[in-house]
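Reading the structure
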Amino acid sequence: MVGELRYREFRVPLGPGLHAYPDELIRQRVGQDGRPEYQIRWLILRRGDDGEGGSSQVDCKAEHILLWMSNDEIYANCHKMLGEDGQVIGPSQEIAGEAGALDKSVLGEMETDVKSLIQRALRQLEECVGTIPPAPLLHTVHVLSAYASIEPLTGVFKDPRVLDLLMHMLSSPDYQIRWSAGRMIQALASHDAGTRTQILLSLSQQEAIEKHLDFDSRCALLALFAQATLSEHPMSFEGIQLPQVPGRLLFSLVKHYLHVTSLLDQLNDSAAEAGAQNNSAPEELSGERGRLELEFSMAMGTLISELVQAMRWDWASSRLGPSARSSCSIFQPQLADVGPKLPPAHAQPSLRRSRRFRPRSEFASGNTYALYVRDTLQPGMRVRMLDDYEEISAGDEGKFRQSNNGVPPVQVLWESTGRTYWVHWHMLEILGFEEDIEDMVEADEYQGAVARGALGVALPSWRWKPMTELYAVPYVPPEDEDTEESEHLTQAEWWELLFFIKKLDGPDHQEVLQILQENLDGEILDDEILAELAVPMELAQDLLLALPQRLDDSALRDLLNCRVYRKYGPEALAGQPAYPFLLEAQAQPQESADAARVEVANSCDVPLPLAKERLSQFPDTPLRCLVEGYGPAGKIFLDLEQALSSEGTQESEAKPLLLQLRQQPQLFLALMRSLNTPAANRALHLAVLRILMRLVGFPEALLLPWHEAMDACMACLRSPDTDREVLQELIFFLHRLASVSRDYAVVLNQLGARDAISKALEKHLGKLELAQELRDMVFKCEKHAHLYRKLTTNILGGCIQMVLGQIEDHRRTHQPINIPFFDVFLRHLCQGSSVEVKEDKCWEKVEVSSNPHRASKLTDRNPKTYWESNGSTGSHYITLHMHQGALIRQLTLLVAGEDSSYMPARVVVFGGDSTSSLNTELNSVNVMPSASRVVLLENLNRFWPIIQIRIKRCQQGGIDTRIRGLEVLGPKPTFWPVFREQLCRHTRLFYMVRAQAWSQDIAEDRRSLLHLSSRLNGALRQEQNFADRFLPDNEAAQALGKTCWEALVSPLVQNITSPDEDGISPLGWLLDQYLECREAAHNPQSRAAAFSSRVRRLTHLLVHVEPCEAPPPVVATPRPKGRNRSHDWSSLATRGLPSSIMRNLTRCWRAVVEEQVSSFLTSHWWDDDFVPRYCEHFSNLQKSSSELFGPRAAFLLALQNGCAGALLRLPFSKAAHVSEQFARHIDQRIQGSRIGGARGMEMLAQLQRCLETVLVFSGLEIATTFEHYYQHYLADRLLNVGSGWLEGAVLEQIGLCFPNRLPQQMLRSLNTSEELQRQFHVYQLQRLDQELLKLEDTEKKIQVGHAASGEEHDPENEGEAEEGGATAPAATEELGEEEENEDLYYEGAMPDVSVLVLSPHCWPTASICRTLNPRTCLPSYLRGTLNRYSNFYNKSQSYPVMEQGPHRRLQWTWLGRAELQFGDQTLHVSTVQMWLLLYLNDLKMVSVESLQALSGLSPDMLNQAIGPLTSSRGPLDLHEPKDVPGGVLKIRDSSEELRPRRGNVWLIPPQTYLRAEDEEGHNLEKRRNLLNCLIVRILKAHGDEGLHIDQLVCLVLEAWQKGPCPPQDLVSSLGWGSACNSTDVLSCVLHLLGKGTVRRHDDRPQMLSYAVPVTVMEPHTESLNPGSSGPNPPLTFHTLQIRSRGVPYASCTSTQSFSTFR
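Residues numbered from 1 in each chain as written. Predicted model: local features only at pLDDT ≥ 70, side-chain atom pairs only at ≥ 80, totals over all residues. Heavy atoms only, no water.

A separate point is the overall build of the chain. Assigned secondary structure in the chain consists of 62 helices and 34 strands. Expressed as a percentage of the 1702 residues in the chain, the buried residues total 50%. Sequence-distant contacts in the chain: of pairs separated by 6 or more residues, those separated by 24 or more amount to 74%. (Helix = DSSP H or I, 4+ residues; strand = E, 2+ residues; numbered from the N terminus. Buried < 20%, exposed > 50% of the residue type's maximum accessible area, 1.4 Å probe, protein only. Contact = heavy atoms within 4.5 Å.)

What follows is the structure, given as structure tokens:
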């Protein structure tokens, strides 16, 4: 139970519900930079979901992490640990109660007593050697134990004589003395962990202590060590099957572990003393520390080597092989099909097929193919696996050995595992003999190279990166190495080689040193020089050639598996193993056992001559199968049998054989594992047991690895087919082995021998000698078995903690890790991260529906036995109770077709949490009658505690069923999940602490942000290099990279993007500076260029890891400037990465852009060239975004959102002005593009840049006003110039910026008008045909003469009409048939008249209000065309040909354009100008006043039309007599003109642009104000419940139409702008949401309610004219009354009022 936390407020999240809290200072040292470092203990606690600062702790496990921290890191993360002087507060020194009660004089007397008692005990112990210990000795030891329990006297017991006394007592043959020694040790160790460790270390380092300790004494010391390390490394390996390690090996591991921890403490203490003793010589301190580092590395390498052997990892080293992970970024997630395509050095072709043998696809069934393989396959042929089966994966290749009648029947030596494994016939594909395959492989390789075009083409280097990713992963490519260093071994490689040199003894050691001296000019080599030696590669290769002959078997195996040998050894140089006998050693025991298992079964299948030839090589002995399996080395089995057969075996004959077995333990293991063969090999079993029985009698035999093959003895003991005589001999052997060494009784207890012996006794009715004694002996070792398991766990956990500590030192000091076998240890810890190891039994128990006594037949691996049910149809089931957390990879049912109606036909699998909740159907399978293996489940991704298999139907309608077997495969627990958790915890804590310290520096000085790129790059490069050097596969590397990125980069980004009290974040400030100096950075030699480069490197580094998910956005809260002393990591506990990084960075970039654009708008919104400058500013921001963050859509979206935010901050009048400027700019560029040429192309480019900028308006309130002005200018362009492709292209690009889609509707109405014009043309032709028929009947000829004068105009007119509900003028309705047909027979050139029908719904209403009277203003031949069109349109409205709708009439307007012929010129004029010129055909001059009276046009519109006609290009002159108001117009005399009178002349009046400050702009603002008031009023009336947004829109529109809004006194001022639609309402809703007046409900965002009483309209206190001086005119307020009658939004009061201002 953890005590009260002293620094509860400082916590670092390590995972879901897991936090680290700083606890206390452990020690202090001087770091590499000369500054003090402090080792802080961090407690790891699990908190409840509601544990935000609460005092209750959930699952308070005593876990901790020791972390070295600098002063700045402590200040930034847990500043309360610093005292007033800035130094870290150490642990409180509390005096124990006993010490406070003892006086100094009394304490001195007690120390004297202790010394005299020690001398007396030593003397009494020497006197009683070989006799029973006298009572005075026991009393003396008892008194010493009492004194040892007093803590102030602990120093007296550190006397070396105490250790001698304890050694003598522990090695005493008397049990009572040994027991008294244990009590004294426990009393001494009861004070603190330091004293306990010191005692253990002192005792364990005594010479030959193992020879003097018996089983009980050793267990006493081991128990003390287990107690000492339990709280230090509380690591759980639950579910992982640890090997059985005997006490002798455990004690050796404890010795090495204590030695390593002692050296580690000395290293830390030496650093602390170096800081305290500043007067010491630096060379002496450096030499002493270098000696300690070398000694620690050698001791750590020894510990790892022994631990690897104890865990039996060394046998799997060659099978695992060296790590071959591709060097790619560990921080970027690797996709399954994306990654660096590196050409393998020795890769085999992906497809290898035989030309002689048929594949499985050519057979109709699996049974037929299995028979083909069985009849064709010969020993020595190579085969390939087609399916995954237990430990063998699909695609593995091997060599066929033999087959038998067992299940599975085929034995293959697999290359992937290095040993044999039994599989089924149908799983194999025959490749043929080696010669055929090699020839074929070469052909395949050549064809593959030709197909890929690889011959003669160099593959691109993996370091090549696209130009857009120039800064993406700067930490992946290795740094440039020094040429001199590349020719020498690194220090880590040399120390690994030096480790084996130090393993040599006597002459061998001197010989190797002589080789070193000869190559180093005869320099005298001592330990200090050896540590710092620079060894050339050639010398290293010579040493690696000389070492193998001088090393023993264990050290040689370590050498062959180490990294320096794989890199520089003869195997790496020659490309083939130099010592294959050792690399294949682990396969030999299994192969020999397999051979022995099938020898008897296959004796009848071997041809007689071959059998005789084999038996002639060896005498007739049961061991011949083992001898044959090992060739010449197997002769030792015969020698053993011969030497140990006689009763009087000479020790001189057996010792050489024992020495050979110790040197080659695989032979001894093969001998023991031969017991795990079929029971038919009775003679072999008896012979082996007799040899083992005799071996146990030799003391040297106890050094053999009996524990590694003890599982074979247990298999023989458990087998129901074991012969009784064999079983009796086995019990004799095990009893003698356990009697000689009780360690093996402990091993038997761990293997479950007690239950196995009990079952054997029950089977044989208790008639087994020594069986009960053996069972009792094993039972008494239950406590010791528990101790051994705990010790194994503690040692392994302690080693893992030390490895993690070395990784942390590597991170902090940037010094290389020079520990031998460090990569080997990590490779075994990471085993299982990429290679899935499967086990058969991942279930706890199996239950069946009936006949439970036969349920064991389901799992006995015998296809001849079966479980048969008994019950009704559909009631049969098999229930599996799974182990906790075991995910099923494959669940297979074994059936047989010979069972006929008992064979299942339909099987359904259910899953549930208990037997009462099996409701989830996982799969249903229909079983074919020819099936033998039915796969029910594969690759489940969820754990189901209960799996039930229900047989719903049997073949041929059978009732009961038979199941031949059940196979359940699941992932075997490995060390990888445990190590991953510890590695990620340490990594997360280290980098989170560092991130907080760096963030503190940035908060104090923003300029330090410029150094963040190099800091991050250094940390990431270090982790990348560590992963490339030590981590074996991508999953382990990715786990490290992901944790590092989450712990380091995410908090940093969170802190540098969080705004301070001024609302500016450090990164935002940096980006602002980047944008300001962007122009100056074009000079590569300027300081601005260097500054910009650092900023770009930082931003590219932060965003190069793409987000995987997008959690909900988190709003940044302002944090104070300076040192932030109360940080909270809780916001990072559940934040996903790297999505949170991208979210924070985009939010920061958006804020920067918003501030930049807002500043620009404030300064330049009134400029004449505002739009071009804004587009240039926007383009610069886009370029900056691409430079900083690359082509990532998230930052482009943030750029647009930032611009939108700046526009939303504008007042309405400024926003209206800005929108009008954009609409005007687009209009000017569209009209300018009609010029053509270079100028036209430039206009198009400017238009495109403007359109990209305008896209930001989409979804904003400014889009409504922009649409209003764009609609006006579009109408003028379409009517004066006509429609073109450019108009449609512009609308297609910025169509989202028009909420009402009015411009699109305008273009659509033009298309409808064109269709009407085509129909009208057909209509005219039909009318003409009718008149011609009449003329032919009457044979009347009509001649129409028209003498045209030289100055007469030939009009070609386009008239405009408006759809409306009003009736046509009366004069138009009264036109008769003659007037309608007046121009039907016109003899002159008939003008082409086109009519545009415009809808007032989408066209600007102010322009359409100008009506035209055709009777008074148009000539007769034009009036007839218009009249006919009116009749046509009226008739079309009466028939269902056109679209249905209300009956519409036409109202003619002055809008439109015309082309007039004037001499050689073609005049392009408006309709008003056309009428004016045609009117002058009959008159020489006309006054402007009369024209105005005749047309009814306004003076402004008429003067606008006259202006171009009277210009230098026009045909008219304007004379202004004094007596004629407005002047007189007449046709200009052609003789006075100097210009040529030919070509096209454009006289259409120029575009007139609106002003947002005019009355129309004020009307728009009034309408918005009224809508805002209505929305607020309605939401207030509905209270907190609010309204659905659709309902709110309907109520507002209804109130606008039916209520007193708009008031009658404002209709005139609003004009046609008083119309309102749903888009206007939604725009106002968005505005009020942005202001905070209206809020959305969190749970229902579609519901709106009134938020706070904020004034709806913002007062405009600044002048709209920047040039004007003085204050604005006072605001005028209008109070309106809204009566409740008939108004749907009104409340119960009679009248209510609200105020608006203009």
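Here the narrative resumes.
Another aspect to go through is the pattern of salt bridges. Side chains that differ in charge, positive against negative, can pair when their charged atoms come close. All chains considered together, the criterion is met by 48 salt bridges. Among the salt bridges present, the one from glutamate 429 reaches arginine 384, with a minimum N-O distance of 3.0 Å. Placement of glutamate 429 in strand 9 (residues 428-432) and of arginine 384 in strand 5 (residues 382-385) is noted, with a sequence separation of 45 residues between them. Residue glutamate 429 is classed as buried on the basis of its relative accessible area of 10%. With a closest N to O distance of 2.6 Å, aspartate 899 and arginine 964 form a salt bridge. With aspartate 899 in the loop between strand 14 (890-894) and strand 15 (904-912) and arginine 964 in the loop between strand 19 (962-963) and strand 20 (965-971), the pair connects residues that are 65 residues apart, well separated along the chain. An identical accessibility class is assigned to aspartate 899 and arginine 964; each is buried. (Salt bridge = Lys/Arg side-chain N within 4 Å of Asp/Glu carboxyl O.)

In this model helix 48 (residues 1262-1280) runs 27 Å from its N-terminal to its C-terminal C-alpha over 19 residues, within 8% of the 27 Å that 1.5 Å per residue would give. Within helix 48, 17 of the 19 residues are buried, which leaves it mostly tucked inside the rest of the structure. At the C-terminal side of helix 48, glycine 1282 shows a positive phi close to 105°. (Expected span 1.5 Å × (residues − 1).)

So, on to the sheet that holds strand 11 (residues 843-848). The antiparallel open sheet is built from 5 strands, whose spatial order is 11-13-18-15-16. What marks the edges here is a single partner per strand, and that holds for strand 11 and strand 16 (920-926). The sheet shows a mean angle of 15° between the axes of neighbouring strands, direction not considered. Pairing between strand 15 and strand 18 (residues 946-954): 8 bridges, direction antiparallel. For glycine 911, the partnering residue across the bridge sits in strand 18 and is isoleucine 947. (Pairing = 2+ DSSP bridges. Axes fitted to C-alpha atoms, helices over the stretch in contact; angles between N-to-C directions.)

Read across the open sheet, the 3 strands follow the order 30-32-31; overall the sheet is antiparallel. The outermost strands of the open sheet, each flanked by one partner alone, are strand 30 (1587-1588) and strand 31 (1638-1640). Taken together, the 2 bridges between strand 30 and strand 32 (residues 1647-1650) define a ladder with antiparallel strand orientation. Looking at the pairing, histidine 1588 lines up with methionine 1647 of strand 32. Against the sheet, helix 62 (residues 1622-1635) engages strand 31 and strand 32, with an angle of about 90° to strand 31.

Note that strand 26 (residues 1485-1487) and strand 28 (residues 1528-1531) share 3 bridges and pair antiparallel. The residue of strand 28 that forms the bridge with valine 1486 is leucine 1529.

A few words on the nonpolar core. Of all hydrophobic cores here, the largest spans 290 residues; its most connected members are Trp494, Leu695, Trp706, Phe733, Trp1149 and Phe1266. Other than its neighbours up to four places away in sequence, tryptophan 706 contacts Phe668, Met672, Leu692, Leu695, Val696, Ala701, Phe733, Leu737 and Tyr744. If you look at the next biggest cluster of nonpolar residues, it comprises 43 residues, including Phe1320, Phe1432, Leu1467 and Val1486. (Core = buried A, V, L, I, M, F, W, Y, C linked by side-chain atoms within 4.5 Å.)

Checked against the element boundaries, glutamate 1176 lands in helix 44 (residues 1170-1189). Taking the C-alpha atoms as reference points, glutamate 1176 and cysteine 1250, separated by 74 residues in sequence, lie 9.1 Å from one another.

The next thing to look at is unusual backbone geometry. Its identity is not glycine, yet arginine 312 carries a phi of approximately 60°, on the positive side. Inspection of the secondary structure assignment puts arginine 312 in the loop between helix 11 (282-310) and helix 12 (317-320). The backbone of histidine 814 shows a phi angle near 60°, a positive value even though the residue is not glycine. Summarising the element assignment, histidine 814 is placed in the loop between helix 36 (782-813) and helix 37 (822-829).

Another aspect to go through is the side chain of serine 297. As for its position among the elements, serine 297 is in helix 11. Its relative accessible area of 5% is what places serine 297 among the buried residues. Setting aside its immediate chain neighbours within four residues, serine 297 contacts Trp495, Asn818, Ile819 and Pro820.

Moving on, we get to helix 38 (residues 976-1004). Across its 29 residues, helix 38 extends 41 Å between first and last C-alpha, which sits within 8% of the 42 Å expected from 1.5 Å per residue. Among the 29 residues in helix 38, 24 count as buried, and that is most of the element.

Here we come to the packing of helix 32 (residues 724-740) against helix 33 (residues 742-750). One way to put it is that helix 32 packs onto helix 33 with a least axis distance of 5 Å and a crossing angle of 125°. Here helix 32 is positioned oblique relative to helix 33, judged by the angle of their axes. Each of Leu734, Leu737, Ala738 and Val740 in helix 32 lies in contact with helix 33, whose residues at this interface are Arg742, Tyr744, Ala745 and Leu748. Taken together, the residues of the contact of helix 32 with helix 33 break down into 7 nonpolar, no polar and 1 charged. (Parallel < 35°, antiparallel > 145°, perpendicular 65-115°, else oblique. Nonpolar A, V, L, I, M, F, W, Y, C, P; charged D, E, K, R; others polar.)

Our focus in this paragraph is the state of the cysteines. Here a disulfide denotes one covalent bond, and it connects the sulfur atoms of two cysteines. Under the definition given, this model contains 0 disulfides. For cysteine 1250, which is in no disulfide, the shortest distance to another cysteine sulfur is to cysteine 1175 and amounts to 4.3 Å. A relative accessible area of 0% places cysteine 1250 in the buried class. (Disulfide = S-S within 2.5 Å.)

Evaluation of the coordinates by the stated rule reveals 33 aromatic pairs. Seen from their ring centres, tyrosine 369 and tyrosine 372 are 6.4 Å apart, and the 35° between their planes marks the pair as tilted. In this pair, tyrosine 369 and tyrosine 372 are both assigned in helix 13 (residues 366-376), 3 residues apart and thus about one turn of the helix distant. With relative accessibility at 1%, the residue tyrosine 369 sits in the buried group. Geometrically, the ring pair formed by tyrosine 1323 and phenylalanine 1432 is tilted, given 5.4 Å between the ring centres and 40° between the ring planes. Remark: phenylalanine 1432 occurs in helix 55 (residues 1420-1438) and tyrosine 1323 occurs in helix 50 (residues 1302-1338); sequence separation between them is 109 residues. According to the relative accessible area criterion, tyrosine 1323 is buried, its value standing at 12%. Lying across the ring of phenylalanine 910, arginine 950 places its NZ or CZ 4.1 Å from the centre. For arginine 1277, the ring lying beneath its charged end belongs to tyrosine 1270, and the centroid distance is 5.5 Å. (Phe/Tyr/Trp six-rings, centres within 6.5 Å; stacked < 30°, edge-to-face > 60°. Lys NZ or Arg CZ within 6 Å of the ring centre and 35° of its normal.)

Here the focus is the packing of helix 57 (residues 1488-1495) against helix 58 (residues 1499-1509). The geometry of helix 57 relative to helix 58 is characterised by a closest axis approach of 11 Å and an angle of 120° between their N-to-C directions. It follows from the interaxial angle that helix 57 and helix 58 lie oblique. At the point where helix 57 passes helix 58, the crossing takes the right-handed sense. Contacts from Val1488, Leu1491 and Gln1492 in helix 57 reach Pro1499, Leu1502, Asn1503 and Ile1506 in helix 58. Taken together, the residues that form the contact of helix 57 with helix 58 break down as 5 nonpolar, 2 polar and no charged. (Left-handed = near helix turned anticlockwise from the far one by under 90°.)

The next thing to look at is the environment of glycine 1063. Structurally, glycine 1063 is set in the loop between helix 40 (1034-1056) and helix 41 (1066-1076). Taking the relative accessible area as the measure of exposure, glycine 1063 reaches 54% and is therefore exposed. Considered as a pair, glycine 1063 and alanine 1151 are 88 residues apart in the sequence and their alpha carbons are 9.8 Å apart.

Turning our eyes to something else, we now look at the environment of glutamine 664. Position of glutamine 664 among the secondary structure elements: in the loop between helix 28 (651-663) and helix 29 (665-673). With 112 residues separating them along the chain, glutamine 664 and aspartate 552 place their C-alpha atoms 9.5 Å apart.

With that settled, the discussion passes to the confidence of the model for the chain. Detailed reading of the predicted coordinates is not advisable wherever pLDDT falls low. Counting all residues, the mean pLDDT for the chain is 75, and 73% of those residues have values of 70 or more. Counting contacts from residues 834-840, a segment whose pLDDT is below 50, to residues more than four positions away or on other chains yields 22 contacts. Counting interchain partners and residues more than four positions distant, the pLDDT-below-50 stretch residues 1108-1137 has 67 contacts. (pLDDT = per-residue confidence, 0-100.)

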